[in-house]
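Residue-level listing of the chains:
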Amino acid sequence: MEVPTHLIRTPFPIELAIRREDLIHPIVSGNKYRKLKYNLRDAVSGQARLLVTFGGPHSNHVAATAFAAREAGLSSLGLIRGEEWETLLSDSPTLVFAQKCGMKFQFLSREAYRMRNDPTFSDALHQQWPHAFVLPEGGTNELAVKGCSEILGTQDENYDIICCSVGTGGTIAGLSRAAASHQKILGFPALKGDFLKEDIRKFANNDNWELVTGYEFGGYAQTDDRLVAFINAFYAETKIPLDPVYTGKMVFGVMKEIATGRFTEGSRILLIHTGGLQGVPAMNARLQRMKRPILTLDV
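Structural notes, computed from the coordinates. (Residues numbered from 1 in each chain as written. Predicted model: local features only at pLDDT ≥ 70, side-chain atom pairs only at ≥ 80, totals over all residues. Heavy atoms only, no water.)

## Points about unusual backbone geometry
Here's step 1: Positive phi, normally seen in glycine, also occurs at Ala221, with a value near 65°.
Here's step 2: Tracing the sequence through the fold places Ala221 in the loop between strand 9 (209-211) and helix 10 (225-238).
Here's step 3: We classify Ala221 as partly exposed; its relative accessible area is 21%.
Here's step 4: Residue Lys239 is not a glycine yet carries a positive backbone phi of 65°.
Here's step 5: In this fold, Lys239 is placed in the loop between helix 10 and helix 11 (247-259). (Helix = DSSP H or I, 4+ residues; strand = E, 2+ residues; numbered from the N terminus. Buried < 20%, exposed > 50% of the residue type's maximum accessible area, 1.4 Å probe, protein only.)

Here it is as structure tokens:
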């Protein structure tokens, strides 16, 4: 599958390009397509009837899973963080879309949601839905990492550095597996927490990756006016929309790292756009309520 790559102009002696994984599919875009590819095949071949997964009310993974399940002829169930969203569902474009795709919901308290990876919780899920295929939050598992390893190909071996955003760690693990021996993978976390390294090590086979911290903008799903202004300016110059939760933070971080001299002259850097644009309307609604500048993207 050929995904377009665009060069990005910079005032520095660096070759910079961005892989438009966000264009891989109109709905199931970016790393969600990659993560779901083999999981869906496994679910269908195993004669599952239901996809069960986890996420917040604006989760890219929840939206992608709902659509992909419908296309595969499966039912879907979202276990959503936050009991309050049962009455606020219409305030979430993501949940409204997922519901239109046929997804049913169970809204969990935050305390119950924290138990999602507990073996006892998993056993209860399988007892309640014996014909279900359960996907973890963010979709990261061994099959997802296999799909993400296909982002890179032999045509990318001319790059020295591959950069991506990091959420649950599946994408960077897949890139780590697929990288050529001379390549370094830099991950820019979208959230704070030392646990990310351990999560990535569960799936990454080598030490060719590194996390670059300091560009979380307050934590997961947090942003500020600097990031919004950067994303808007980047779009005005390149016509490439970035989401404010994942890829926007990564591109902001890469540009700052270039400006501060992290990369040697002549370095060839490939940025991976992992999608996530479906969450922009919800972020803009939140910014408007706070009377802050919004994202001016055509998405």
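## Some points on the state of the cysteines
Here's step 1: Inspection of every chain in the model, using the stated rule, returns zero disulfides.
Here's step 2: The structure places no disulfide on Cys163, whose sulfur is separated from the nearest cysteine sulfur, that of Cys164, by 7.9 Å. (Disulfide = S-S within 2.5 Å.)

## Brief notes about the environment of Ile80
Here's step 1: Residue position: Ile80 is located in strand 4 (residues 75-81).
Here's step 2: For Ile80 and Phe54, which are 26 residues apart along the polypeptide, the C-alpha to C-alpha distance reads 5.9 Å.

## Describing the nonpolar core
Here's step 1: One finds Cys163, Phe188, Leu242, Val254, Ile269 and Leu271 to be the most contacted residues of the largest nonpolar core, which totals 36 residues.
Here's step 2: Within the residue set of this core, elements represented by two or more residues are strand 2 (15-19), strand 7 (161-166), strand 8 (184-189), helix 10, helix 11, strand 10 (268-272) and helix 12 (280-289).
Here's step 3: The contact partners of Leu271, leaving out residues within four places of it in the chain, are Ile8, Leu16, Ala17, Ile18, Arg19, Cys163, Met250, Val251 and Val254.
Here's step 4: Leu51, Ala66, Leu89 and Met103 belong to the second largest nonpolar core, which has 24 residues in total. (Core = buried A, V, L, I, M, F, W, Y, C linked by side-chain atoms within 4.5 Å. Contact = heavy atoms within 4.5 Å.)

## Digging into the sheet that holds strand 9
Here's step 1: Strand order in this open sheet of six strands is 1-2-10-7-8-9, and the pairing throughout is mixed. Looking at the sheet topology across the chains shown, the edges are occupied by strand 1 (5-8) and strand 9. In this sheet, adjacent strand axes meet at a mean angle of 25° when their direction is disregarded.
Here's step 2: Sitting on the sheet, helix 11 is in contact with strand 1, strand 2, strand 7, strand 8 and strand 10, with an inclination near 165° to strand 10. (Pairing = 2+ DSSP bridges. Axes fitted to C-alpha atoms, helices over the stretch in contact; angles between N-to-C directions.)

## A few points about the packing of aromatic side chains
Here's step 1: Inspection of every chain in the model, using the stated rule, returns ten aromatic pairs.
Here's step 2: Both rings, one in Phe54 and one in Phe121, keep their centres 6.1 Å apart while their planes meet at 45°; by these two values the pair is tilted. Here the residue Phe54 occupies a position in strand 3 (residues 50-55), and Phe121 occupies one in helix 6 (residues 119-128), the gap between them amounting to 67 residues.
Here's step 3: In this structure Phe54 comes out as buried when scored by relative accessible area, which is 3%.
Here's step 4: The interplanar angle of 45° and the centroid separation of 5.7 Å between the aromatic rings of Phe105 and Phe107 together place this pair among those described as tilted. Here Phe105 matches Phe107 in class, with each residue buried.
Here's step 5: The structure contains a cluster of three or more aromatic residues connected by ring pairs, namely Phe188, Tyr215, Phe217, Phe230, Phe234 and Phe252.
Here's step 6: The side chain of Arg81 reaches across the aromatic face of Tyr113, ending 5.7 Å from its centre.
Here's step 7: Over the ring of Tyr38 we find Lys146; its NZ or CZ atom is 4.2 Å from the centre of that ring. (Phe/Tyr/Trp six-rings, centres within 6.5 Å; stacked < 30°, edge-to-face > 60°. Lys NZ or Arg CZ within 6 Å of the ring centre and 35° of its normal.)

## Brief notes about helix 12
Counting along an α-helix, one turn takes 3.6 residues, and residues three or four places apart therefore face a common direction.
Here's step 1: Considered for burial, the residues of helix 12 that qualify are Val280, Ala282, Met283, Asn284 and Leu287.
Here's step 2: Tucked inside the fold, the buried residues of helix 12 contact helix 4 (93-100) and helix 10.
Here's step 3: Downstream of helix 12 by one or two residues, Lys291 has phi in the positive range, about 55°.

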